[in-house]
Amino acid sequence: MDTLLEKSIKKIESTSLEFVRSKINRIRWEARLIGIKGPRGVGKTTLILQYIKKNLPLDHTVLYVSLDNIWFAQNRLVSLVDDFVKRGGKHLFLDEVHKYPDWSIELKNIYDDFPELKIVFTGSSMLEILNARADLSRRAIIYHMQGLSFREFLNFQTGQNFASTTLPDLIENHIEIAREVNSKLKPLEHFHQYLSSGYFPFFREVPELYHQRLEEVVNMTLEIELPLLRKLDVSYIPKIKQLLQIISESVPFIPNVSKLSERIGINRNTFIAYLFFLQEAHIIKNLYKDIKGITQLQKPDKVYLENTNFQFAFSPKNADLGNLRETFFVNQLGHEHTVEYIDKGDFRINREYSFEVGGKNKTAEQIQGVKNRFIAADDIEYGTDKKIPLWLFGFLY
């Protein structure tokens, strides 16, 4: 216990507060049980350590511990908590809970048995909350993290403090918002760097190795988290990697299930299940024409990589500008909105707004007089009426 407390203090003390993601202000930290889910590398650990450093005392009442620590090979979490609370512990932060067997059952018992303790835990984007052996959905408030928005990237890179906006406000006031941003910097000067290597917060650590590190992140997700959390036989991982390579070479990808399942050597249902797993892992994004009632065995109408950085890591020769624009739009909107594929136009958002995504010369002729239809146009600093700069959609979170 003393060793874990000492490591916790050292970890918190060494955490930088140079850049803090705005997600920290959206979490109701006063809740008794908080879960933060997200893919590898998006900054979940850093976020909770920064919260501790900014808001809590650096003493015996606060403990941060990663559940992949070797200490747990011979010790149970519930025993640690019992000792921690007896010593006056009040705030417990548990990292990587999916690495700990039966984590949901022990967390449920800890929540019920230690009502004075506040707990925050982080885990994989594939972490089961509702369907776990101990249903925590009635006890825990769950938050989802993804990579940096374009707004956060700009703040991180330039030291600015641009605020996020809502989609209705963006549509209504995009000219004013763009004017404020352009008065402080030229967003298009930074946009391509964001598309290629600005999505994960570690992009500044060793820039020349960024894409290699992305591949390592994805490999660890497929080789460790999929077998662990979806009980997938490791012998199937090469086939999932083969499917991912096919997708990255032809995005936006319209699945031909019969042809591709035969090519990879799997049956139809397994093929669709793989697409579902890859989306759960936040590696791809599956789009449907009607998102209501979607099942795990329903073929998506279109498939994108989850973010534009993956395109440059997996298949840079196929980094088509049109695809990058659409991938960026789907990624930034998909975090807090429903995105559907439509035949007339490109995307429908929240079943209310329709968008076409294109370059600066894309005209609004086909949407004149049509309510709630807009153009997201690249390579423009300012928009006009229903034509909105594409980069501005990176200010939604």
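Description of the structure in this document. (Residues numbered from 1 in each chain as written. Predicted model: local features only at pLDDT ≥ 70, side-chain atom pairs only at ≥ 80, totals over all residues. Heavy atoms only, no water.)

## Concerning the overall build of the protein chain
Put simply, the rule reads: Helical segments are the DSSP runs of H or I of at least four residues, strand segments are the runs of E of at least two, and each set is numbered from the N terminus. For the radius of gyration, the atoms used are the C-alpha atoms, and the globule rule reads 2.2 Å times the number of residues raised to 0.38. Between two residues, a contact is recorded if the distance between any of their heavy atoms is within 4.5 Å. Per-residue and other accessible areas follow the Shrake-Rupley method at a 1.4 Å probe size, with only the shown protein chains counted as cover for residues.
The helix and strand inventory of the protein chain stands at 13 helices and 12 strands. Computed over C-alpha atoms, the radius of gyration of the protein chain comes to 22 Å, within 12% of the 21 Å expected from 2.2 N^0.38 for 397 residues, which places it in the range of a compact globule. For the protein chain, the spread of C-alpha atoms along the three principal axes comes to 70 × 55 × 40 Å. A fraction of 67% describes how many contacts in the protein chain between residues 6 or more apart in sequence connect residues 24 or more apart. About 17,900 Å² of surface is accessible on the protein chain, with carbon and sulfur atoms providing 47% of the total.

## Some words on the environment of Glu 152
Here is the rule we go by: Only protein chains enter the area calculation, which uses a 1.4 Å probe; residues under 20% of their type maximum are buried, those over 50% are exposed, and those in between are partly exposed. Counted as a polar contact is a pair of N or O atoms within 3.5 Å, where, for protein atoms, one must be capable of donating a hydrogen and the other of accepting one, and residues adjacent in sequence contribute only when both atoms are in side chains.
Counting through the fold element by element, Glu 152 comes out in helix α5 (residues 150-158). Its relative accessible area of 2% is what places Glu 152 among the buried residues. The sequence separation of Glu 152 and Ala 163 amounts to 11 residues, and the corresponding C-alpha distance is 9.0 Å. Setting aside residues no more than four positions away along its own chain, Glu 152 makes contact with Phe 19, Arg 21, Ser 22, Gly 147 and Tyr 397. Separated by 2.8 Å, the side chains of Glu 152 and Arg 21 make a polar contact.

## Topic: the packing of helix α9 (residues 237-250) against helix α10 (residues 257-264)
Convention followed: Under this scheme, a helix contributes an axis fitted over its contacting stretch, all axes are lines through C-alpha atoms, and angles between N-to-C directions fall in the 0 to 180 degree range. Each angle is binned into one of four classes, with values under 35 degrees roughly parallel, values over 145 roughly antiparallel, values of 65 to 115 roughly perpendicular, and all other values oblique. Here a crossing is taken to be left-handed if its near helix is turned anticlockwise relative to the far helix by less than a right angle, and right-handed if that turn runs clockwise.
Between α9 and α10, the shortest axis-to-axis distance is 10 Å and the interhelical angle comes to 130 degrees. By the criterion of interaxial angle, the relationship of α9 to α10 is oblique. Of the two possible hands of crossing, α9 and α10 adopt the one that is right-handed. For the pair formed by α9 and α10, the contact residues are Lys 239, Gln 242, Leu 243 and Ile 246 on the first element and Leu 260, Arg 263 and Ile 264 on the second.

## Some details on helix α7 (residues 187-197)
Among all positions of α7, only Pro 187, His 190, Phe 191, Tyr 194, Leu 195, Ser 196 and Ser 197 are buried. Contacts from the buried residues of α7 go to α5, α6 (167-182), α8 (210-230), α12 (308-314) and α13 (321-334).

## Considering the sheet that holds strand β5 (residues 141-144)
To be explicit about the condition: Should DSSP find at least two bridges between two strands, the strands are taken to pair.
Read from one edge to the other, the open sheet built from 5 strands follows the order β2-β3-β4-β1-β5, with strand pairing classed as parallel. Both outer strands of the open sheet, β2 (62-66) and β5, are each paired with one neighbouring strand and no more. Pairs of neighbouring strands in the sheet enclose a mean axial angle of 15 degrees, with direction left out of account. The pairing of strand β3 (residues 91-95) with strand β4 (residues 118-123) spans 4 bridges and is classified as parallel. If you follow Leu 94 over to β4, its bridge partner there is Phe 121. Sheet contacts for helix α4 (residues 103-113): β1 (33-37), β3 and β4; angle to β4, the most-contacted strand, approximately 165 degrees.

## Digging into α8
Filter applied, for reference: A helix is expected to span 1.5 Å for every residue after the first. Fitting axes to the seven residues that end at a residue and to the seven that start at it, the angle between those axes gives the bend at that residue.
In this model, α8 (21 residues) spans 28 Å end to end at C-alpha, consistent with the 30 Å of a helix rising 1.5 Å per residue. Along α8, the largest kink reaches about 30 degrees and is centred on Ile 224; proline Pro 227 follows within four residues of it. Residues of α8 that are buried: Tyr 210, Leu 214, Val 217, Val 218, Thr 221, Leu 222, Glu 225, Leu 226, Pro 227, Leu 229 and Arg 230. Among the structural elements, α7, α9, α11 (268-280) and α12 are those in contact with the buried residues of α8. Backbone geometry just downstream of α8 places Lys 231 in the positive-phi region, at approximately 50 degrees.

## A short note on the packing of helix α1 (residues 2-13) against helix α2 (residues 44-55)
This is how the line gets drawn: Ten residue types, Ala, Val, Leu, Ile, Met, Phe, Trp, Tyr, Cys and Pro, are classed as nonpolar, four, Asp, Glu, Lys and Arg, as charged, and the remainder, Gly among them, as polar.
For the pair α1 and α2, interaxial distance at closest approach is 9 Å and the crossing angle is 90 degrees. Comparing the axis directions of α1 and α2 gives the class roughly perpendicular. Residues Lys 11, Ile 12 and Glu 13 of α1 touch α2, and the partners they reach there are Leu 49, Ile 52 and Lys 53. Broken down by class, the residue content of the contact of α1 with α2 amounts to 3 nonpolar, no polar and 3 charged.

## Details of the sheet that holds strand β12 (residues 387-389)
In space, the 5 strands of this open sheet follow the order β8-β9-β10-β11-β12, with mixed pairing throughout. Looking along the sheet, the strands with just one partner apiece sit at the ends: β8 (339-341) and β12. Here the strands of the sheet are splayed against their neighbours by 35 degrees on average, with no regard to which way each runs. Where strand β9 (residues 347-349) lies against strand β10 (residues 353-358), 3 bridges are found, and the strand directions are antiparallel. Following the sheet pairing, Phe 347 is matched in β10 by Phe 355.

## Observations regarding the packing of aromatic side chains
Pairs of aromatic rings are described using the distance from one ring centre to the other and the angle between the two planes. Inclusion rule: In summary, the pairing rule links any two rings of Phe, Tyr or Trp, Trp by its six-membered ring, whose centres are within 6.5 Å, and it sorts them by plane angle into stacked for under 30 degrees, edge-to-face for over 60 and tilted for everything else. We call a charge positioned above a ring when the Lys NZ or Arg CZ atom is no farther than 6 Å from the ring centre and deviates by at most 35 degrees from the ring normal.
Counted by the stated rule, this structure contains 29 aromatic pairs. Here the aromatic rings of Phe 191 and Phe 328 are separated by 4.9 Å at their centres, their planes lie at 90 degrees, and the arrangement is edge-to-face. Of this pair, Phe 191 sits in helix α7 while Phe 328 sits in helix α13, and the two are 137 residues apart along the sequence. Ring geometry for Tyr 199 against Phe 200: centres 5.2 Å apart, planes inclined by 90 degrees, an arrangement best described as edge-to-face. Each member of the pair, Tyr 199 as well as Phe 200, is classed as buried. Here a set of aromatic residues connected by ring pairs shows up, and it is made of Phe 19, Phe 150, Phe 153, Phe 156, Phe 162, Phe 191, Tyr 194, Phe 203, Phe 328, Trp 391 and Phe 395. Above the face of the Phe 156 ring, Arg 204 is positioned so that its terminal group lies 4.6 Å from the ring centre.

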